[in-house]
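Chain and residue survey
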Amino acid sequence: MGSTGQRLTTAREAGYVACRRCGQVHDCGAKTCKRCHGRLRSRDEQSLQKVWAWLIAGIITFIPANLYPMLKTSTLVDKSESTILGGVVELVHHDNYGIAAIVFVASILIPVGKFIAITYLALSVQLRSEINMHNRHKLYDIVEFIGRWSMIDVFVVAILSALVQLNTVATVNPGIAAVSFALSVIFTMLSAQSFDARLIWDADRTPA
């Protein structure tokens, strides 16, 4: 529904289908994109199944990512391991509030926010909700945009591991949580990409 109460016409109702890969618009009868040769589908009927499968996998791998060490540091006199939250606390303890805030937002708030947002989008489509259709499309665009920034923790660990290798003096190695966190981010990105945003507009076309 538009802001004036007038129902909007979808591309499918107008007899067109857009390629999800390059955006080229074709007649509904077309099967292959003439620009990128990708397969054309008005809707991905298996979208929600793929969304839930990848999302559950992302949530499962996010748990050990926060329970196990992200970073292992060894020096001549000490060995230490730190989880994501433990690293944030340590940064705050050393008065590095800005870096602590970045790590906390990128490694905890953003992943949890993405889980909630994707769950909300998937449930709203399953329940055929007609509420806030435009806002849900904006939410989906935001989830897609911030996905690329979710790997900050993994990048930091990879850089430190490559640079700090001083044999017996000091070494920095990634912990098992780094792998779990990377997998969680990848699974969540796949979940978001599997979501067919065009299904949002179908809520007011098909009765619940």
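These notes cover the structure that comes with them. Each chain has its residues counted from 1, following the order in which its sequence is written. Where totals are concerned, whole chains, interfaces and linings use all residues; where local detail is concerned, this predicted model gives features only for residues with pLDDT of at least 70, and gives and counts side-chain atom pairs only at 80 or more. Remark: hydrogens and water are excluded; side-chain values derive from all non-hydrogen atoms of the structure.

1. Overview of the side chain of T61
- To qualify as a helix, a DSSP run of H or I must reach at least 4 residues; to qualify as a strand, a run of E must reach at least 2; elements of each kind are numbered from the N terminus. Examined against the element boundaries, T61 turns out to sit in helix 1 (residues 47-67).
- Only protein chains enter the accessibility calculation, which uses a 1.4 Å probe; a residue whose area is less than 20% of its type maximum is buried, one above 50% is exposed, and one in between is partly exposed. Of the residues examined, T61 reaches a relative accessible area of 14% and is grouped as buried.
- Should any heavy atoms of two residues lie within 4.5 Å, those residues are counted as being in contact. Non-local contacts of T61, meaning those with residues more than four positions away in its chain, are made with S180, L183, S184 and F187.

2. Re the nonpolar core
- Working definition of a nonpolar core: buried Ala, Val, Leu, Ile, Met, Phe, Trp, Tyr and Cys residues. They are joined through side-chain atoms within 4.5 Å. Formed by 27 residues in total, the largest nonpolar core has its most connected members in M70, I118, V125, F181 and F195.
- Counting residues per element, the ones that place at least two in this core are helix 1, helix 3 (97-126), helix 4 (133-146) and helix 6 (176-194).
- Ranked by the residues each element gives to this core, the list is headed by helix 3, at seven residues.
- The contact partners of I118, leaving out residues within four places of it in the chain, are V51, L55, V143, T188, S191 and A192.

3. Comments concerning the packing of helix 1 against helix 6
- Note on definitions: angles span 0 to 180 degrees between N-to-C directions of axes, and those axes are lines fitted to C-alpha atoms, for helices only across the stretch in contact. Between helix 1 and helix 6, the least distance of the axes is 7 Å, while the angle of their chain directions is 160°. Considering their axes alone, helix 1 and helix 6 lie roughly antiparallel with respect to each other. For the pair helix 1 and helix 6, the crossing hand works out as left-handed. Between helix 1 and helix 6, the contacting residues are S47, K50, V51, W54, L55, A57, G58, T61, F62, P64 and A65 on the first element and A177, S180, F181, L183, S184, F187, T188, L190, S191 and S194 on the second. Each angle gets one of four labels, with under 35 degrees taken as roughly parallel, over 145 as roughly antiparallel, 65 to 115 as roughly perpendicular, and the rest as oblique. Throughout, a crossing is termed right-handed when the near helix is turned clockwise from the far one, and left-handed when it is turned anticlockwise from it by less than a right angle.

4. Considering the environment of L121
- With respect to the helices, strands and loops of the structure, L121 is situated in helix 3.
- When the C-alpha atoms of L121 and A192 are compared, they prove to be 9.7 Å apart, with 71 residues separating the residues in sequence.
- If sequence neighbours within four positions are ignored, L121 has contacts with R136, L139, Y140 and F195.

5. What to know about helix 2 (residues 84-93)
- All of the buried residues along helix 2 are I84, G87 and V88. Around the axis of helix 2, the buried residues are gathered within 100° of arc, so they sit on the same side. In helix 2, the exposed positions that point more than 90 degrees away from the buried face belong to V89 and H93.
- Think of a polar contact as two N or O atoms within 3.5 Å of one another; within protein, one of them needs to be a possible hydrogen donor and the other a possible acceptor, and neighboring residues in sequence only count if both atoms come from side chains. The N-cap residue of helix 2 is T83: its side-chain oxygen and the backbone nitrogen of G86 are 3.0 Å apart.
- Just past helix 2, the residue D95 takes up positive phi, approximately 65°. Working note: the arc is built from the helix axis to C-beta atom directions.

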